[in-house]
Number of protein chains: 2
Amino acid sequence: MVINQNIAKLLQDSGYKLTRQRRVIIEVLSKNERPLTALELYHQVKDKIPTISQDTLYRNLEVLSFIGVANRIRVRGGDRFELVQQHHHHFICLKCGEVKCLKGCPIGPGQLAEARKNDLEVLFHNFELSGYCDKCRSCQKEG
Amino acid sequence: MVINQNIAKLLQDSGYKLTRQRRVIIEVLSKNERPLTALELYHQVKDKIPTISQDTLYRNLEVLSFIGVANRIRVRGGDRFELVQQHHHHFICLKCGEVKCLKGCPIGPGQLAEARKNDLEVLFHNFELSGYCDKCRSCQKEG
DNA sequence: ATGGAAAATAGGAATATTCCTATTTAGGAG
DNA sequence: CTCCTAAATAGGAATATTCCTATTTTCCAT
């Protein structure tokens, strides 16, 4: 699989080098639909680069997320990572832990007003919902 | 200092016991204005209960946050915790790491619509902004 | 006040994440 | 193509967070 040219360009334009490790991490991310845990990612990447370190994985996920290529979803029990296809947000099930992607983004100028008032320069935003997913709703009383 | 009766009641009504550890954790949280790191909290609590374990601290912060008494703000380099005075959200400075509280909450039914459409039961939401704080804006090119 | 069950704790083990540093590599200049 | 430098890597150390379990504590019923 050849890495998306846009991503390659984004990296280089931002002053980051296109290393084998980065290429593989992006490849693995792009092959998966759902947000993966660091461990899941690590195993899949390790299949192709057995010597890769966890630090390299985390460091690059940080870089990718900084330039807007990946998302890091901070959740209890292990953060999840995904390739950014289109800006969106997440729902986290408090029972099964599953992370679901929500279409669209309901955050607009109205939601950023307070920060502006306080003279803060907003570059990014993160919006997460949590509760019970459709599957877990029906059996909230169980285990 | 006597612990806020509302909190004590909230704990018990939710089926949680009012232990010495919980009392002290809440006391320490209530004495601090800004969100504290787990380590800062740990030291302050340890002054009063030298044998307390980090697990107890984390476990109780989880409980307190579950019943809406505390907030956990997940950020790079160590999560921050605060007592919930009034529902609000945060701004995280990408340069100095400081966490600022924003007044009010701009999240309404419109922001939850997509989740409802997907048959998800929303119980909580989290909204975070990041960028440069007022102090760091003026010297973005440095350090 | 006393007994007992469920909940909570302390500590240590297991994970998850970040930091540090000597070595290697990507990518530009010649 | 070769050299050079800044950026990136591997690995291990250091933190941060969660899990596990034997023991202790809270609190309800008596």
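The coordinates are above.
The secondary structure content of chain A amounts to 6 helices and 6 strands. Helices and strands in chain A line up, N terminus first, as α-α-β-α-α-β-β-β-β-α-β-α. Classification of the 143 residues of chain A by burial places 42% in the buried group. Entry remark: accessible area of chain A is about 8100 Å², with carbon and sulfur atoms responsible for 48%. Taking the 22 positively charged and 16 negatively charged side chains of chain A as two groups, their mean positions are separated by 3 Å.

Let us look at the relation of the copies chain B and chain A. Two copies of a chain can be linked by a rotation about an axis combined with a shift along that same axis. At an RMSD of 0.1 Å, chain B and chain A line up after a rotation of 180° and a shift of 0.0 Å along the axis. Such values leave the two copies arranged in the relation of a two-fold axis. The rotation axis passes nearest to the C-alpha of B:Phe127 in chain B, at a distance of 2.3 Å. The fraction of interface residues of chain B whose copies in chain A are also interface residues reaches 100%, indicating that both copies meet through the same surface.

For the rest of this paragraph, the subject is the pattern of salt bridges. Residue and element names in this part refer to chain A. A complete count under the given rule lists 18 salt bridges over all chains for this structure. As a salt-bridge pair, Glu114 and Lys117 come within 3.6 Å of each other at their nearest N and O atoms. Of the two residues, Glu114 and Lys117 are both situated in helix 5 (residues 109-117); the distance of 3 residues between them amounts to about one turn of the helix. A single network of salt bridges, built from pairs that share partners, joins Arg72, Arg74 and Asp79.

Cut-offs and rules
- Residues numbered from 1 in each chain as written.
- Chains lettered and ligands numbered in written order.
- Predicted model: local features only at pLDDT ≥ 70, side-chain atom pairs only at ≥ 80, totals over all residues.
- Heavy atoms only, no water.
- Helix = DSSP H or I, 4+ residues; strand = E, 2+ residues; numbered from the N terminus.
- Buried < 20%, exposed > 50% of the residue type's maximum accessible area, 1.4 Å probe, protein only.
- Areas by Shrake-Rupley, 256 points an atom, 1.4 Å probe, with all protein chains shown as cover.
- Lys, Arg positive; Asp, Glu negative; His and termini not counted.
- Charge placed at Lys NZ, Arg CZ, Asp CG, Glu CD.
- Least-squares fit on C-alpha atoms with pLDDT ≥ 70 in both.
- Contact = heavy atoms within 4.5 Å.
- Salt bridge = Lys/Arg side-chain N within 4 Å of Asp/Glu carboxyl O.

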